[in-house]
Amino acid sequence: MNLADFYLDAGISREVYEYGESIESQLTDRFNAIDKLAELNQIKVIQAMRKNRVSYDCLNGTTGYGYGDVGRDTLEKVYADVFHGEDALVRPQITCGTHAIALALFSNLRPGDTFVSIAGKPYDTLDDVIGINPCKGSLAEYGVKYKQADLKDDSSFDYDAIRNVIDDTTKVVEIQRSKGYATRKSFSVDEIGEAIHFVKSIKPDVLVFIDNCYGEFVEDKEPLEVGADFMAGSLIKNPGGGLAPIGGYIVGKEECIENAANRLTSPGLGREVGASLEAMRSFYQGFFLAPTVTASAEKGAIFAAKIFEGLGYTCVPKADEDRHDIIQAVELVTPEALCAFCEGIQAASPIDSYVKPEPWDMPGYSDQVIMAAGTFVSGASIELSADGPLRDPYAAYFQGGLTYPHAKIGILMALQYLINAGETSLKK
Ligand SMILES: *Cc1c(COP(=O)(O)O)cnc(C)c1O
C-alpha cells in the first residue's frame, strides 16, 4: 500500500489526498522558515534550563504545603528567563487561561482603578471576569471600572480612541495578542510594542498586561521584550507542549508577580506554598517540546488556510500572511458546514474519534459553541482541535496538532466531511 491507500482506508478520497499533496508542495519555503524559528526558540528554552541548572530532582513533586519545592521554583526561573520577565508564577493551581488572566488582573487592580482594553472586547470568558456581564465576584463588584478602545476596521489599534479612553484612574491596560473568537487579526509582537510605547507616552505609570494565550513561541520574541509589564497564558496551550495536564503562568515585573502570588494563595504565604504534586515532569518536558509542538500547530494552521482558501472560503489569517498565533479561522458560512468541519476533526482524533460533537451552551460563552477535541488532555487546544460559536460567519477556529502529520490528516478529514455533507466540492 502507498500513502494514498492509507488515506483511502481512513475514509479520505484520492481526490482529497491529491489536493492536499498539491497544496503542501507549495508550502515548502514557509515550513522551512517555521522550522528555523522552532530552532531559535529551542535554544532559548535549553539555555534557560542549563542556566538554572535543572536537575533530575526538579522533576519530583512535593505534597502538602509545598514549602521548598525546588522543581516548582526552578521552573518559574526558567519561564522568567525564556520570556524575559523579572519573575514568574507557573502553577498547577492556576486552573486554565481565564484563571491566569483573572488572577493577574484581580491581583494588580484595586477598587477605584480602571481597567482598559485597547484591543476591543477581550476574549469571551473575560466578560464575566470584568463584569461586562453581571457576575458574582467580578472586577466590577470590587469597584474596578472597565473601559475599552475598539480596533479600527482593518483591526489595527485606534490611537485616537486609546488616547480618549486612558485617564488618571487607568491602572492596567490589556492587549490580547491572539484574535480569540473574533475575526480580527492577531497582533505581532512589534505591533504590540508600538501600542505599549504609545500608552506609556500618555501615562507612564500604567501597567500593560498581555493576554498571551496561543502566542508563545510563534515569533522570535515575546511581549515582555517590547515593554509589556506582565502577561499570562495557559499550559494546555502552547507552553505546555501538549504534556502539561493543567496549569497556567504569569510572567513579568517582580511586583506584579508578588501581587499574583499573594492572591493565588494568601497574603503572607504567597509563592512559598503550592505543592507541585506530580505535575513537574510534564511541565518541564512540555516546555522543552513547546517550540516544536507550536511549530507543528502553526504548519497545520497554514496548511488549513491554503486548503480552504483554494476552495473559496475566507480565512483569517490568509494563507500567505504572517502569523502571530496558532489559530486559524475558516469562515464556513453555514451552521451545517461548521458542524461538518468539527465532526471531521473529531473523527481524526486519537481519543473519542467515534463521537459526534454537538453545539452546546458552554459556561462563559454567550452563543452556542461546537467543539471538536479528541485530546489526551481534556480540552487542550494545543492538540488538534476546532471550535466555533454558532453565529455568523460560522467560523471554525482551528488550532493545534502535536505533530504536523496529524494536523494535516485532521484537516483533510474535515474537508472530506464537508464534501460528504454536500457543503463543498473540489470541482468548482
Ligand atoms: C484560550 C484563551 C483564553 C482563555 O483560556 P482558557 O484556558 O480557555 O480559560 C483567553 N484568551 C485567549 C486569547 C485565549 O485564546
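Colleague: In this structure, what is going on with the site of the ligand? I would like to understand it.
Modeller: With respect to spatial proximity, the complete set of residues near the ligand consists of Cys96, Gly97, Thr98, Ile101, Tyr123, Gln176, Asp211, Cys213, Tyr214, Ser234 and Lys237. Note that an oxygen atom of the ligand is positioned 2.7 Å from one of the backbone N or O atoms of glycine 97. Take threonine 98: an N or O atom from its side chain is 2.5 Å from an oxygen atom of the ligand. A molecule is said to occupy a pocket when more than half its atoms come within 2 Å of that pocket's grid points, and by this definition the ligand occupies the largest pocket. Looking at which element gives the most residues to the shell around the ligand, the answer is helix H5 (residues 97-108), with three residues. By residue class, the composition of the shell around the ligand is five nonpolar, four polar and two charged.

Colleague: Please clarify how a nonpolar patch on the surface should be interpreted in this entry.
Modeller: Residues Met1, Leu3 and Phe6 make up a contiguous nonpolar surface patch of about 360 Å² in total accessible area. Summarising the element assignment, methionine 1 is placed in the segment before helix H1 (3-9). With a relative accessible area of 68%, methionine 1 lands in the exposed category.

Colleague: Would you mind showing me how to read the side chain of aspartate 211 here?
Modeller: One can find aspartate 211 in strand E5 (residues 207-211). Comment: no salt bridge for buried aspartate 211; closest opposite-charge side chain is lysine 237, at 6.5 Å. Within the local environment of aspartate 211, its side chain forms a polar contact with the backbone nitrogen of cysteine 213, the two atoms lying 3.1 Å apart. Non-local contacts of aspartate 211, meaning those with residues more than four positions away in its chain, are made with Ile101, Tyr123, Glu174, Ile175, Gln176, Arg177, Ser178 and Ala232.

Calculation rules
- Residues numbered from 1 in each chain as written.
- Predicted model: local features only at pLDDT ≥ 70, side-chain atom pairs only at ≥ 80, totals over all residues.
- Heavy atoms only, no water.
- Near = heavy atom within 4 Å.
- Polar contact = N/O pair within 3.5 Å; in protein donor to acceptor, adjacent residues only side chain to side chain.
- 1 Å grid on protein atoms, 1.4 Å probe; cavity = no way out; pocket = protein on both sides within 12 Å on 5 of 7 lines; lining within 4 Å.
- Sits in = over half its atoms within 2 Å of the grid points.
- Helix = DSSP H or I, 4+ residues; strand = E, 2+ residues; numbered from the N terminus.
- Nonpolar A, V, L, I, M, F, W, Y, C, P; charged D, E, K, R; others polar.
- Patch = residues over 30% accessible without salt bridge, like charges linked within 9 Å, V, L, I, M, F, W, Y side chains within 5 Å.
- Areas by Shrake-Rupley, 256 points an atom, 1.4 Å probe, with all protein chains shown as cover.
- Salt bridge = Lys/Arg side-chain N within 4 Å of Asp/Glu carboxyl O.
- Buried < 20%, exposed > 50% of the residue type's maximum accessible area, 1.4 Å probe, protein only.
- Lys, Arg positive; Asp, Glu negative; His and termini not counted.
- Contact = heavy atoms within 4.5 Å.

Remember that the coordinates give geometry; whether it matters functionally is a separate question.
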